[in-house]
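Residue-level listing of the chains:
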Number of protein chains: 4
Amino acid sequence: MSAGLKGIRLAVVGGDDRELYLIPELQKQGAYIVGVGYEKAPPLPGVTLISSLLEAVNEVDVLLFPMFGTDERGNVKGKYADLPIILNKDVIQAIPTRVPLFIGWAWPALKSIAEMKGIRIVETALLNEVAILNSIPSAEGVIQMAMELTLITIHGSQCMVLGLGRTGWTIAHMLKGIGANVTGVARKAPDLARAVEMGLKAVHFSELEEEIGSAEIIFNTVPYPILDRVILEKVARDAVIIDLASIPGGTDFEYAQMLGIKAKLAPGLPGIVAPKTTGKILAQVYPQLILRQLTTINTSIDS
Amino acid sequence: MSAGLKGIRLAVVGGDDRELYLIPELQKQGAYIVGVGYEKAPPLPGVTLISSLLEAVNEVDVLLFPMFGTDERGNVKGKYADLPIILNKDVIQAIPTRVPLFIGWAWPALKSIAEMKGIRIVETALLNEVAILNSIPSAEGVIQMAMELTLITIHGSQCMVLGLGRTGWTIAHMLKGIGANVTGVARKAPDLARAVEMGLKAVHFSELEEEIGSAEIIFNTVPYPILDRVILEKVARDAVIIDLASIPGGTDFEYAQMLGIKAKLAPGLPGIVAPKTTGKILAQVYPQLILRQLTTINTSIDS
Amino acid sequence: MSAGLKGIRLAVVGGDDRELYLIPELQKQGAYIVGVGYEKAPPLPGVTLISSLLEAVNEVDVLLFPMFGTDERGNVKGKYADLPIILNKDVIQAIPTRVPLFIGWAWPALKSIAEMKGIRIVETALLNEVAILNSIPSAEGVIQMAMELTLITIHGSQCMVLGLGRTGWTIAHMLKGIGANVTGVARKAPDLARAVEMGLKAVHFSELEEEIGSAEIIFNTVPYPILDRVILEKVARDAVIIDLASIPGGTDFEYAQMLGIKAKLAPGLPGIVAPKTTGKILAQVYPQLILRQLTTINTSIDS
Amino acid sequence: MSAGLKGIRLAVVGGDDRELYLIPELQKQGAYIVGVGYEKAPPLPGVTLISSLLEAVNEVDVLLFPMFGTDERGNVKGKYADLPIILNKDVIQAIPTRVPLFIGWAWPALKSIAEMKGIRIVETALLNEVAILNSIPSAEGVIQMAMELTLITIHGSQCMVLGLGRTGWTIAHMLKGIGANVTGVARKAPDLARAVEMGLKAVHFSELEEEIGSAEIIFNTVPYPILDRVILEKVARDAVIIDLASIPGGTDFEYAQMLGIKAKLAPGLPGIVAPKTTGKILAQVYPQLILRQLTTINTSIDS
C-alpha cells in the first residue's frame, strides 16, 4: 500500500513459493530486495541475486529467513537455490549489529550466539498475529485432508477440535461454516464460555474420555500426548484423526494403527496449501515489524 | 428408523461403495435384499446374492439401479461384480409390471421400451430432493478440488458461482461458510433477490463479461457453453475454473488451456467424495419413493 | 446508478416514509417526480406537488401507488397528505392507456375495471423478487418482536419456523446467524432437503404435533389455520408465537390466550421497521419493472 | 445436572427475575436455599424466607449477592423485597469466616473491611467466563436497540464495533450472522488478525478517524472517552451510536446531540433482556465456583 519500506534493503534468504509472492509485495512498499538462494527461480524483476549469504549480510539493513527456520546444523532450505545456504556462527559474526534477523523460529544455540554478538532475532512464527493469520491456510489444509481421508461429508458430521487456541478456533469456525456439528475441547473456563457463544458444544478435557466416542473426525492441536492409548480405545474405529500439533504430534500413531483408526500428522501446511495467500500474509505483517526494529535499533544507537 | 419396508424384497443391482452403505440401512427398515453384481464385495450379512439379473427380476418387488444409470448399451457398472450386468430389452420384458424400476437416469430408448411394456421407471437423479441432498457431497468435492488447484486460500478469496440452482446454492453457502467473498450469477430476479438475502454479491448473467475479471475461483453449474471464448478472454490468467455442468460442461476447455487458465471438469462427485454419506442420503429418500410406487401400483391393480 | 429513467415522469401517490427514501433514488436515476399527497412532507427538492390524483394522471408516464394498496373503498393512505386520495372508477377512466399503474396489491374490483379500460396494473407485492427483498426487514422485525416478548436469548434457543417460503427461509437464516437451534417445517420434499443443507432440523408438517412441544419461539408464515387447538395443546405454555401470515394469521389467538401462551400477529413490518432500507429496495426493483412496461406498451402501440 | 451442591445451604440475597430462574436450578443440584428479600415474590417451593440479612448469615454456608452489586451505601436492590437490604460493616462482621460471599462486584471499602475480617469475596462479574456468557444477552440487547433506533435493516448495513473484547466479539459475531458488513476496531495486532479470520474488516484505532465516516451503526465497548468531539465530527449525522461501556460510557453524548447524532447508553442489559437465560447462565457457573471456595476454605481450616 504505502511506501513505508522506501530505501530499506532487505535480504530474502532461502524459502519457497511463499517468498515469490512476498518479494513483489515488499517491493511495492518501496523495499530494495536482495535474493539469496534464488538462482533457479523464475525471473524476479528488480531483485539483486547474491549467492553467498556471508557476502549478503553486509549489503542490507534487514535479513528475512523462512518461516520454517533452519535444521539443526543451520541449513536453510531454499527451493530455488543452487548451493546450500547455511546460517552458522561465522555468518552470525559477520552480521552488523544494526541488522535485525527475522526467522520463523530459531534453535536455542543460534539464539545464544546471536545474543552474545548483540544481534536481534525476531522469531516470527511465535508472534500471535502471524500464528493467527497462518491458522487460516492451516485450517483449510486440514479440512482438505479430512475431505480426502473420510467417506463422509464434513457437512452434517460430528467433528471434535482438541485445543481452542490460535489454530483450534479457526478450524472450529470453518467446520461450522461448512455445516458440521462441532465440539470444542478446552481446559480454561473462558475458552469453554466462548465456545458456547460460537455455537460449539463445549467439553472440558476432563470429560474427553466420555465424549470422544461420538466423534467422526478429530482434529488435535495440543502438543502433548493427549490421544494416548486410554483415549484411543474410546475412539470409533472408523473415525479419522488429523494431528496438527508440532512433531511428534499428540497422537499415539502406532496404537491408532493397531486399532485400525486412520490417523495422520499434518505437516507445516500454510506454505504447501496456499503459498500465495501465505506470502501475502507475511507481506502484511513484516513491514511494521521491520520498521519497529529499525527504529528501536537506530534510537538505541543514537542515544 | 421405522420398519416401513418390512416384507418388501428389493434387488440392488450393480453400483459402488454407496450401495454398501445403502443396503444395511434398507435392511434396518425391514427390507429383504437381493444383491445382483456383488460377487467380489465384502461380506453382506443377510443379503442373497444372485448373479443373473434376468433371474433376479422375478424374485423381488422393486429394482434399484445405480445413480449413474447405464451406458448406451445398457451396461450397469458394478464395482463388485464378476460378470457384466446388462439392462436390455430382454430384461425389461422379463420384469413383472407390478415391479417398479428405480434408476438415476435412463436413456430415452430404455424409457420407451419400458413404457410400451407398462414398466414404471423412476429416475431418481432428476428428483429435486435427491439432487439437493446430493449437492452437499458435490459441493464438498469441488471445494476440495479448488483447495488442491489454487495457490490461495478460499478464505478471503473472490469466488464466483455461475447458476444458482440446486447445486449452485449449496456451493455458495459453503464458500461463504469458509470465509470467501462470493458472487452469485443468475438470470431470474427472485434468485438474485435471494442471493442478496444470503449475503452474496448478486450479478445478472448479462453483466458477466464485466464482472468475471475479478474472480479468483469460478464454479460453473450451468449446462450450456457459458464460459466461451468471449468470456474466457476476461478471466484472470491465474484464476481457476471448476465446471460441474454435465459432460461436456459449460467451458471451452481448449481455449482456456490456450490462455493458460486452469480449468477442470468435476466428475460425478457424490459417490467418489463421500460414498457413506451418499448411501445414507439414498436410504433416507428411497423408502418413501418405494412405498408410494408400491401403493399406487397395487391400487391401480385393485381397481 | 445509471440514468435509466431519464425523461420519464413518475407520479408517486400516497405512501409513507418509504416513499421519502424512494423518491430521491428514482431522481438519481433520471426520473422526474410528481408527488400526490405530500403536502405535509419535509421539503422534497425537485418534486412537483399536485394535490389532485385526477389531475396528476394526465401529467405522467407511470403511476406508483404504495405497497399496502388501498382499502376497500379505494382510499390510499398518505402519511403526508392533507386531503384524502381515492383510487376509484373515475380515476381509472381518466388514466391514459399508455400509463401503467404499479401498486402493492389491488382489490379484484379494481382489477376488473382496469382490465376493461385497458389499463395495466402491476401488483408489486406479488412479485417474487420484491417479496424476497421485503422478507429481510420483515425477518428483522419479527426477531425484534421475539427479543421483546421472550425472557430468553434467541442464541441457544429452540426456534421453529412454520413454512419455508420467501419469508420463512430468511427468518430461518437469520435465527441461525444469531445462534439459535432452528427447526424448519415444510410440506415439500425439496424444501426439507434444502433445510437439511442449510443446517436446520427438517420436519414435515405431518410430524408437527409431535415436534412442536420442544419449541421455545415459533414463527408462523403459513396463511392457513395451522396453529389450531389440537396443535396449540402441544405447545409449551411459556413458548412465544409470532404469526406473520396475512390477517387473520394462522393461529387460534383466543385459544392460545386461554392456554396462557403469548401469541402475537406481526403487522406489515417492512415499512415500520426499516423504511429507509425498504425504500431503497423498491428503488432497486422499480426501474427495471417500469422500463419493461413502457417498452412493451410502446411496442404494442407501434405495431 | 448432578447433585453437586447436596447439603450446601445458600442464601440468595436480593436481586431480580434472574434469581427466580437461578434458584430452582440450584435446588435441582441439591442446594438448600434461603431467600433474603423475597417477601413479594411468586411462590418459591422449598425456599426458606428470612427477612433479616443479619440473621441469615449464620444459617448458611454461602452468600449469593446480585450481579449488579450494591450502591455506595451498601443497599442491595431486591425487586421482590419488602424491606431494604443493606450490606454494611455490621453484616460483614457477623459473617462467619467459613462463609464465602459471591457478588457481581464490590466497592473498594467493602472489600477492605471484608479482607480485615478474613471474609472471602468473589466478584463474579469480573470472571472471564461469566462476562463472556453474559455478553450473549448483552449483544442481543444492543442489537434489539439498534433495530429500534435505526430506519435501516442491520442486514446489509455498515456496522462498526469499537473494542474486540469479551462483549465486542459477541456483538460482531451476531451482526455478521444477521448479514451486516462489520468492521472491528482494536489496538492489538492479534485481535486484528483474529478479526480478519472472522471475516470482519479489521481497523486499528489509529485509523478510526478516517474509517468511522462510513459506519451506519456504531457499537462502543471501550470504557474510555473514545467517541470524543474530534471523532464525532467524522460520524455520519444519520448514524446511530450505542454505547455499552460502563457508565458514563465512552461517548460525548452532549456533543453527539448537538450534531444531531442519535447516541444511547445501553444499561446493564442481561438481566432486563433475558432474565431466564441469564439466571441459567449463573446456575451453570456458580456450582463450580462455590465448590472450589468451600473446598479451599475447609482445607485451609483443616490444616
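A few points on the structure. No experiment lies behind these values; they were computed from the predicted model shown.

Rules and cut-offs
- Residues numbered from 1 in each chain as written.
- Chains lettered and ligands numbered in written order.
- Predicted model: local features only at pLDDT ≥ 70, side-chain atom pairs only at ≥ 80, totals over all residues.
- Heavy atoms only, no water.
- Least-squares fit on C-alpha atoms with pLDDT ≥ 70 in both.
- Contact = heavy atoms within 4.5 Å.
- Pairing = 2+ DSSP bridges.
- Helix = DSSP H or I, 4+ residues; strand = E, 2+ residues; numbered from the N terminus.
- Axes fitted to C-alpha atoms, helices over the stretch in contact; angles between N-to-C directions.
- Parallel < 35°, antiparallel > 145°, perpendicular 65-115°, else oblique.
- Nonpolar A, V, L, I, M, F, W, Y, C, P; charged D, E, K, R; others polar.
- Buried < 20%, exposed > 50% of the residue type's maximum accessible area, 1.4 Å probe, protein only.
- Phe/Tyr/Trp six-rings, centres within 6.5 Å; stacked < 30°, edge-to-face > 60°.
- Polar contact = N/O pair within 3.5 Å; in protein donor to acceptor, adjacent residues only side chain to side chain.
- Buried area = accessible area lost by both parts, 1.4 Å probe.
- Salt bridge = Lys/Arg side-chain N within 4 Å of Asp/Glu carboxyl O.

Description of the relation of the copies chain D and chain C
Okay, step 1: When chain D is fitted to chain C, the residual RMSD is 0.1 Å, and the transformation amounts to a turn of 180° plus an axial shift of 0.0 Å. Such values leave the two copies arranged in the relation of a two-fold axis. Closest approach to the rotation axis within chain D is made by the C-alpha atom of Gly177 of chain D, at a distance of 1.8 Å.
Okay, step 2: Residue by residue, 100% of the interface of chain D is reproduced at the interface of chain C, so both copies engage with the same surface.

Some points on the sheet that holds strand β10 (residues 181-186) of chain B
Neighbouring strands of a sheet are bound in pairs by backbone hydrogen bonds; such pairs are parallel or else antiparallel.
Residue and element names in this part refer to chain B.
Okay, step 1: If you trace the six strands from one edge of the open sheet to the other, you get β11-β10-β9-β12-β13-β14, paired in parallel fashion. Edge strands, defined here as strands with exactly one partner in the open sheet, are β11 (201-204) and β14 (262-265). On average, each strand axis in the sheet is inclined to that of its neighbour by 20°, with strand direction left out of account.
Okay, step 2: Pairing geometry for strand β9 (residues 158-162) and β10, over five bridges, is parallel.

Notes on the sheet that holds strand β1 (residues 9-13) of chain C
Residues and elements named next belong to chain C.
Okay, step 1: The strand order across the open sheet formed by six strands is β3-β2-β1-β4-β7-β8, and the pairing between neighbours is parallel. Single-partner strands in this sheet number two, and they are β3 (48-50) and β8 (121-123). Each strand axis lies, on average, 25° off the axis of its neighbour in the sheet, ignoring direction.
Okay, step 2: Here strand β2 (residues 32-36) pairs with β3 via three bridges, running parallel. Opposite Val36, over in β3, you have Ile50 as the bridge partner.

Focus on the packing of helix α7 (residues 189-197) of chain B against helix α5 (residues 128-149) of chain C
Okay, step 1: At a minimum axis distance of 8 Å, the contact between α7 of chain B and α5 of chain C shows a crossing angle of 10°. The angle between the axes of α7 of chain B and α5 of chain C places the two elements in the roughly parallel class. Here α7 of chain B contributes Ala189, Pro190, Ala193, Arg194, Val196 and Glu197 of chain B to the contact with α5 of chain C, which in turn contributes Asn128, Glu129, Ile132, Leu133 and Ile136 of chain C.
Okay, step 2: When its residues are assigned to classes, the contact of α7 of chain B with α5 of chain C shows seven nonpolar, one polar and three charged.

Looking at the environment of Leu289 of chain D
Residues and elements named next belong to chain D.
Okay, step 1: Along the chain, Leu289 turns up in helix α12 (residues 275-302).
Okay, step 2: Its relative accessible area of 6% is what places Leu289 among the buried residues.
Okay, step 3: C-alpha of Leu289 to C-alpha of Glu254: the two residues are 35 residues apart in sequence and 42 Å apart in space.
Okay, step 4: Setting aside its immediate chain neighbours within four residues, Leu289 contacts Phe102, Thr124, Leu127 and Glu129.

A closer look at the packing of aromatic side chains
Aromatic ring pairs: the centre-centre distance and the angle between the two ring planes describe each pair.
Residue and element names in this part refer to chain B.
Okay, step 1: Evaluation of the coordinates by the stated rule reveals eight aromatic pairs over all chains.
Okay, step 2: Note on Phe102 and Tyr286: the rings are 6.1 Å apart at their centroids and 75° apart in plane angle, and the pair reads as edge-to-face. One end of the pair, Phe102, is in strand β7 (residues 101-103); the other, Tyr286, is in helix α12 (residues 275-302), with 184 residues separating them in the sequence.
Okay, step 3: Judged by relative accessible area, Tyr286 falls into the buried class, the value being 3%.

Regarding helix α1 (residues 17-28) of chain B
Residues and elements named next belong to chain B.
Okay, step 1: Those residues of α1 not exposed but buried are Asp17, Arg18, Glu19, Leu20, Leu22, Ile23, Glu25 and Leu26.
Okay, step 2: Measuring from the backbone nitrogen of Arg18 back to the side-chain oxygen at the start of α1 gives 3.1 Å, which picks out Asp16 as the cap.
Okay, step 3: Count one or two residues on from α1 and you reach Gly30, which has phi positive near 105°.

A closer look at the interface of chain D and chain C
Okay, step 1: On the chain C side, the residues contacting the 24 residues of chain D number 24 residues.
Okay, step 2: When the buried surface of chain D facing chain C is broken down by residue, Glu140, Met147 and Leu151 of chain D rank first, second and third, together holding 28% of it.
Okay, step 3: Counting across the chain D and chain C interface gives two salt bridges.
Okay, step 4: The closest approach of N and O atoms between Asp238 of chain C and Lys276 of chain D, which form a salt bridge, is 3.0 Å.
Okay, step 5: The tally of links between chain D and chain C comes to 10 residue pairs in polar contact (both at pLDDT 80 or more).
Okay, step 6: Broken down by element, the residue count for the side of chain D that touches chain C peaks at seven residues, all from helix α5 (residues 128-149) of chain D.
Okay, step 7: The residue makeup of the side of chain D that touches chain C, split by class, is 13 nonpolar, seven polar and four charged.

Examining the pairing of strand β1 (residues 9-13) of chain D
All names here are of chain D.
Okay, step 1: With four of five residues buried, β1 is to be regarded as a mostly interior element.
Okay, step 2: Where β1 lies against strand β2 (residues 32-36), five bridges are found, and the strand directions are parallel. In the sheet register, Ala11 faces β2, and the bridge partner there is Val34.
Okay, step 3: With three bridges joining them, β1 and strand β4 (residues 62-64) adopt parallel strand pairing. Within the sheet, the bridge partner assigned to Leu10 lies in β4 and is Val62.

What about the pattern of salt bridges?
Okay, step 1: Tallying each qualifying case throughout the model produces 48 salt bridges over all chains.
Okay, step 2: Ionic pairing is found between Arg9 of chain D and Asp61 of chain D, a salt bridge with its closest N-O pair at 3.0 Å. With Arg9 of chain D in strand β1 and Asp61 of chain D in the loop between α2 (53-56) and β4, this residue pair connects regions lying 52 residues apart in the sequence.
Okay, step 3: Overall, Asp61 of chain D belongs to the buried group, its relative accessible area being 16%.
Okay, step 4: Taken together, the salt bridges that share partners define one network made up of Arg9, Asp61 and Arg98 of chain A.

Let's talk about the relation of the copies chain B and chain A
Mapping between the two copies of the chain is achieved by a rotation about an axis and a shift along the axis.
Okay, step 1: After a rotation of 180° and a shift along the axis of 0.0 Å, chain B superposes on chain A with an RMSD of 0.0 Å.
Okay, step 2: Looking at chain B, 100% of its interface residues are interface residues in chain A too, so the copies touch through the same face.

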